[in-house]
Amino acid sequence: QVQLVESGGGLVQAGGSLRLSCTESVRTVSNYAMGWFRQAPGKEREFVAGIRRAAATSLYADSVKGRFTISIDNAKNLVYLQMNSLKPEDTAVYYCARGRTSWATQLQNDYDYWGQGTQVTVSS
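**Description of the pattern of salt bridges**
1) Next: Applying the stated rule across the entire model yields four salt bridges.
2) Next: With a closest N to O distance of 2.9 Å, D90 and R38 form a salt bridge. Within this pair, whereas D90 is found in the loop between β8 (78–83) and β9 (92–99), its partner R38 is found in strand β4 (residues 34–39), the two being separated by 52 residues in sequence. Both residues of the pair, D90 and R38, count as buried.
3) Next: Across the pair D62 and K65 runs a salt bridge whose closest N-O atoms are separated by 3.1 Å.
4) Next: Within this structure, R38, E46, R67 and D90 form a network of salt bridges that share partners.

**Some words on unusual backbone geometry**
1) Next: Unlike most non-glycine residues, N77 shows phi in positive territory, near 60 degrees.
2) Next: Considering the arrangement of structural elements, one finds N77 in the loop between β7 (68–73) and β8.
3) Next: Positive phi, normally seen in glycine, also occurs at S85, with a value near 50 degrees.
4) Next: By secondary structure assignment, the location of S85 is in the loop between β8 and β9.
5) Next: Look at S85 and you get partly exposed, because its relative accessible area is 41%.

**Some words on the sheet that holds strand β1 (residues 4–7)**
1) Next: The strand order across the open sheet built from four strands is β1-β3-β8-β7, with neighbouring strands paired in antiparallel fashion. Two strands lie at the open edges of the sheet, namely β1 and β7, each paired on one side alone. When strand polarity is set aside, the average angle formed by the axes of neighbouring strands in this sheet is 15 degrees.
2) Next: Relative to β8, strand β3 (residues 18–24) is paired through six bridges, and the arrangement is antiparallel. Paired with R19 across the two strands is Q82, which belongs to β8.

**Topic: the packing of aromatic side chains**
1) Next: Counting across every chain of the model gives four aromatic pairs.
2) Next: Their ring planes at 75 degrees and their centres at 5.5 Å tell us that F37 and F47 sit as a pair that is edge-to-face. Of this pair, F37 sits in strand β4 while F47 sits in strand β5 (residues 46–51), placing them ten residues apart in sequence.
3) Next: Assessed through its relative accessible area of 8%, F47 is described here as buried.
4) Next: Plain terms: the ring middles of F37 and W114 are 4.9 Å apart, the flat faces sit at 55 degrees to each other, and that makes the pair tilted. In this pair, F37 sits in strand β4 while W114 sits in strand β10 (residues 111–114), placing the two residues 77 residues apart along the sequence.
5) Next: The buried category is assigned to F37, whose relative accessible area is 0%.
6) Next: In this structure an aromatic cluster arises from ring pairing among F37, F47, Y111 and W114.
7) Next: We note R45 situated over the ring of Y95; from NZ or CZ to the ring centre the distance is 5.1 Å.
8) Next: Geometry around W103 places R52 over its ring, the cationic atom sitting 4.2 Å from the centre.

Calculation criteria
- Residues numbered from 1 in each chain as written.
- Predicted model: local features only at pLDDT ≥ 70, side-chain atom pairs only at ≥ 80, totals over all residues.
- Heavy atoms only, no water.
- Salt bridge = Lys/Arg side-chain N within 4 Å of Asp/Glu carboxyl O.
- Helix = DSSP H or I, 4+ residues; strand = E, 2+ residues; numbered from the N terminus.
- Buried < 20%, exposed > 50% of the residue type's maximum accessible area, 1.4 Å probe, protein only.
- Pairing = 2+ DSSP bridges.
- Axes fitted to C-alpha atoms, helices over the stretch in contact; angles between N-to-C directions.
- Phe/Tyr/Trp six-rings, centres within 6.5 Å; stacked < 30°, edge-to-face > 60°.
- Lys NZ or Arg CZ within 6 Å of the ring centre and 35° of its normal.

Structural measurements only, silent on function.
The structure is reproduced here in C-alpha cells:
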C-alpha cells in the first residue's frame with residue numbers, strides 16, 4: 001500500500017518562502033507523475049503543480065506560476081514544492097498526490113494516492 005506523507009508546512013509572513021516535501025512509503029518503480037494540490041477553507045481542492053517523474057516536465061496553475069517550483073529526487077523518492085513570494089491567498093492545506101500514469105495533469109481524478117496534507121498559513 002502506497003502512503004504519501006507531506007511535511008514542511010507552517011506559518012510564514014507574506015513575501016516569505018516555504019519548501020514542502022512529500023515522501024512515499026513504498027519506492028515507486030514505475031514512472032508515475034506526482035502532483036501538489038491545495039484546499040483553502042470553504043473552497044474546493046485545486047491543482048497547484050505536477051511533474052512527470054522521468055522527464056521532470058512540470059505543469060503549474062496560473063496562480064502560482066513563477067513563484068512555485070515542483071521538483072523530484074528519484075533517488076530519495078521525494079517530491080518538493082518550493083514556494084516563494086507567498087501571499088495570504090496561498091493559505092491552504094497542501095496535498096501531495098501520485099498520478100495514475102506518467103503524465104502530470106490538473107485533474108484530481110488522474111491521481112490515485114493522496115497524503116494527509118500539511119497546513120500552510122501566510123499572514124499579511
